[in-house]
Amino acid sequence: ETPNNTASTLPFAAEPHHNQDMIKRPLWLAAAPVIFLLLWSAGFGIAKLGLQHAEPLTLLALRYTCLLALLLPLALILRPPMPKTKRAWADIAITGFLIQVVYFGLCYIAFKSGVSAGGVAIIVCLQPILVALAAPYTVGEATSRLGWIGLVLGLAGAAIAILSRSSLQAENLW
């Protein structure tokens, strides 16, 4: 007979009071992953539409101005923990600049230049592989064999999804 406490150490075999804690989460917190997924996945399509009416960096500036107007009051209400050191603020500023200005700026410029969303998506899907290639030289962190398998499978899945979408055409229902 095994001790009864074995099941409680497994994350998928939580005791009933743990489930009650999860039920008490606010609705916005439970919905956050779905909202993020919907907003993130719509990004390239919305960018292609917006670029018909604005220049790439103007559209990005408008996008982030709107986000700031929405999130600043929320941050003032929720008061999330903020970085305590100049180094932490610098890390956030550099990361934000690279992701929001360089990454999205180049994606938007590519769209405006006529590159398809699928083409940009394939290039973007290479980013984790490039990071895995650079990590041993920049931060001394090697990617495991299992990590490489996951990266290749992720790239293959993205390629299949993108290539299969490019062969589909919408039909007129009337």
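None of the values given here were measured: they were computed from a predicted structure.

Analysis parameters
- Residues numbered from 1 in each chain as written.
- Predicted model: local features only at pLDDT ≥ 70, side-chain atom pairs only at ≥ 80, totals over all residues.
- Heavy atoms only, no water.
- Core = buried A, V, L, I, M, F, W, Y, C linked by side-chain atoms within 4.5 Å.
- Buried < 20%, exposed > 50% of the residue type's maximum accessible area, 1.4 Å probe, protein only.
- Helix = DSSP H or I, 4+ residues; strand = E, 2+ residues; numbered from the N terminus.
- Contact = heavy atoms within 4.5 Å.
- Phe/Tyr/Trp six-rings, centres within 6.5 Å; stacked < 30°, edge-to-face > 60°.
- Lys NZ or Arg CZ within 6 Å of the ring centre and 35° of its normal.
- Expected span 1.5 Å × (residues − 1).
- Bend = angle between axes of the 7 residues up to and from the residue.

Asks: Could you give an account of the nonpolar core, naming the residues involved and the relevant values?
Replies: A47, L51, L59, L60, Y103, F104, C107, Y108, A110, F111, V120 and V124 form the largest nonpolar core, which has twelve residues in total. Broken down by secondary-structure element, the contributors of at least two residues to this core are helix 4 (56–78), helix 5 (86–112) and helix 6 (117–125). Counting residues per element, this core draws most heavily on helix 5, at six residues. Look past the residues within four positions of L51 in its chain and what remains in contact with it is P56, L59, Y108, F111 and K112.

Asks: Help me get a handle on the packing of aromatic side chains, residues and values and all.
Replies: If you walk through the whole model with that rule in mind, you get three aromatic pairs. Plain terms: the ring middles of Y103 and F104 are 4.9 Å apart, the flat faces sit at 80 degrees to each other, and that makes the pair edge-to-face. Each of the two residues, Y103 as well as F104, counts as buried. An aromatic cluster of three or more residues is present, and its members are F44, Y108 and F111. The residue whose ring lies beneath R63 is F104, and the NZ or CZ to ring-centre distance is 4.7 Å.

Asks: Kindly report on helix 2 (residues 27–41), identifying the contributing residues and their values.
Replies: Relative to the 21 Å expected for 15 residues at 1.5 Å per residue, helix 2 spans 21 Å between its end C-alpha atoms, a close match to the ideal helical length. Taking the largest bend as the criterion, helix 2 deviates by roughly 40 degrees, centred on P33. The element helix 2 is largely exposed, with a buried count of zero among its 15 residues.

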